[in-house]
Amino acid sequence: MKVAILGVGGLGHLGVQYAAALGSVVTAIDNDLSKKEEAKTLGADEFMHWNDENLASHKGAFDVILNCVSANLDTGKLLAMLRNDGTLVQLGIPGGATMTLPLQVVMEVVVEV
């Protein structure tokens, strides 16, 4: 199972440890590049910066995304990384307390996979 953990602090560091312990291929994603070594130490196989252009190459790549951040994120970008029938677990309260669901992006993921 391929798991992405968004946000390596707080709950995210536990998510990385549990996912790794369960044998998942873990990608940690964060805005803070200084979290890379911590994520690797906790068991992440890969670390990516949220604004990295390489995120586009992970379109439809993850079975599960655990979102532990409490910021207003591009939900379309987040959902595009899920595989068809993937699961988004939303733990952080989105900035502004709302999430916008871009249906066009969701439909593109479903149709392409």
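No experiment lies behind these values; they were computed from the predicted model shown. (Residues numbered from 1 in each chain as written. Predicted model: local features only at pLDDT ≥ 70, side-chain atom pairs only at ≥ 80, totals over all residues. Heavy atoms only, no water.)

Caption draft 1: Spatial organisation of the packing of aromatic side chains. Taken as a whole and assessed by the stated rule, the structure comprises zero aromatic pairs. Seen from the ring of F62, K2 lies directly overhead, with NZ or CZ sitting 5.8 Å from the centre. Taking the ring centre of W50 as reference, the NZ or CZ of K77 above it sits at 4.4 Å. (Phe/Tyr/Trp six-rings, centres within 6.5 Å; stacked < 30°, edge-to-face > 60°. Lys NZ or Arg CZ within 6 Å of the ring centre and 35° of its normal.)

Caption draft 2: The pairing of strand β3 (residues 46-49), seen in detail. Across four bridges, strand β2 (residues 25-30) lies against β3 in parallel orientation. Paired with D30 across the bridge in β3 is H49. (Pairing = 2+ DSSP bridges. Helix = DSSP H or I, 4+ residues; strand = E, 2+ residues; numbered from the N terminus.)

Caption draft 3: Structural detail: the nonpolar core. Within the largest apolar cluster, 15 residues are counted, with the highest numbers of intra-cluster contacts made by L6, I29, W50, I65 and M81. Of all the secondary-structure elements, those providing two or more residues to this core are β1 (2-6), β4 (62-67) and α3 (75-80). For L6, the contacting residues outside a window of four places in its chain are I29, W50, L66, N67, C68, V69, L73 and L78. A28, A44, F47 and C68 belong to the second largest nonpolar core, which has 13 residues in total. (Core = buried A, V, L, I, M, F, W, Y, C linked by side-chain atoms within 4.5 Å. Buried < 20%, exposed > 50% of the residue type's maximum accessible area, 1.4 Å probe, protein only. Contact = heavy atoms within 4.5 Å.)

Caption draft 4: Local environment of the pattern of salt bridges. In total, this model carries one salt bridge according to the counting rule given. Between R83 and D63 there is a salt bridge whose closest N-O contact spans 2.2 Å. A residue pair is termed long-range when its members are at least 10 positions apart, and R83 in strand β5 (residues 82-90) and D63 in strand β4 qualify at 20 residues. (Salt bridge = Lys/Arg side-chain N within 4 Å of Asp/Glu carboxyl O.)

Caption draft 5: Inspection of the environment of A80 at higher detail. Note that A80 resides in helix α3. Here A80 falls in the buried class, since its relative accessible area comes to 13%. Through-space distance from the C-alpha of A80 to that of G60 is 6.0 Å; in sequence the pair is 20 residues apart.

Caption draft 6: Geometry of the sheet that holds β5. Strand order in the open sheet made by the five strands is β3-β2-β1-β4-β5, with parallel pairing throughout. For this open sheet the edge positions go to β3 and β5, each flanked by a neighbour on one side alone. With direction set aside, neighbouring strand axes in the sheet form an average angle of 20°. (Axes fitted to C-alpha atoms, helices over the stretch in contact; angles between N-to-C directions.)

Caption draft 7: Summary view of the confidence of the model for the chain. Looking at the chain, pLDDT values average 85 and 86% of them are 70 or higher. Put simply, helix α4 (residues 103-112) is where the chain has its lowest mean pLDDT, 54, and β1 is where it has its highest, 97. (pLDDT = per-residue confidence, 0-100.)

Caption draft 8: A look at a nonpolar patch on the surface. Residues L11, L14, Y18, V89 and L91 make up a contiguous nonpolar surface patch of about 460 Å² in total accessible area. Per-element tally for the nonpolar patch: the top contributor is helix α1 (residues 11-21), with three residues. Relative to the helices and strands, L91 resides in the loop between β5 and α4. Of the residues examined, L91 reaches a relative accessible area of 42% and is grouped as partly exposed. (Patch = residues over 30% accessible without salt bridge, like charges linked within 9 Å, V, L, I, M, F, W, Y side chains within 5 Å. Areas by Shrake-Rupley, 256 points an atom, 1.4 Å probe, with all protein chains shown as cover.)

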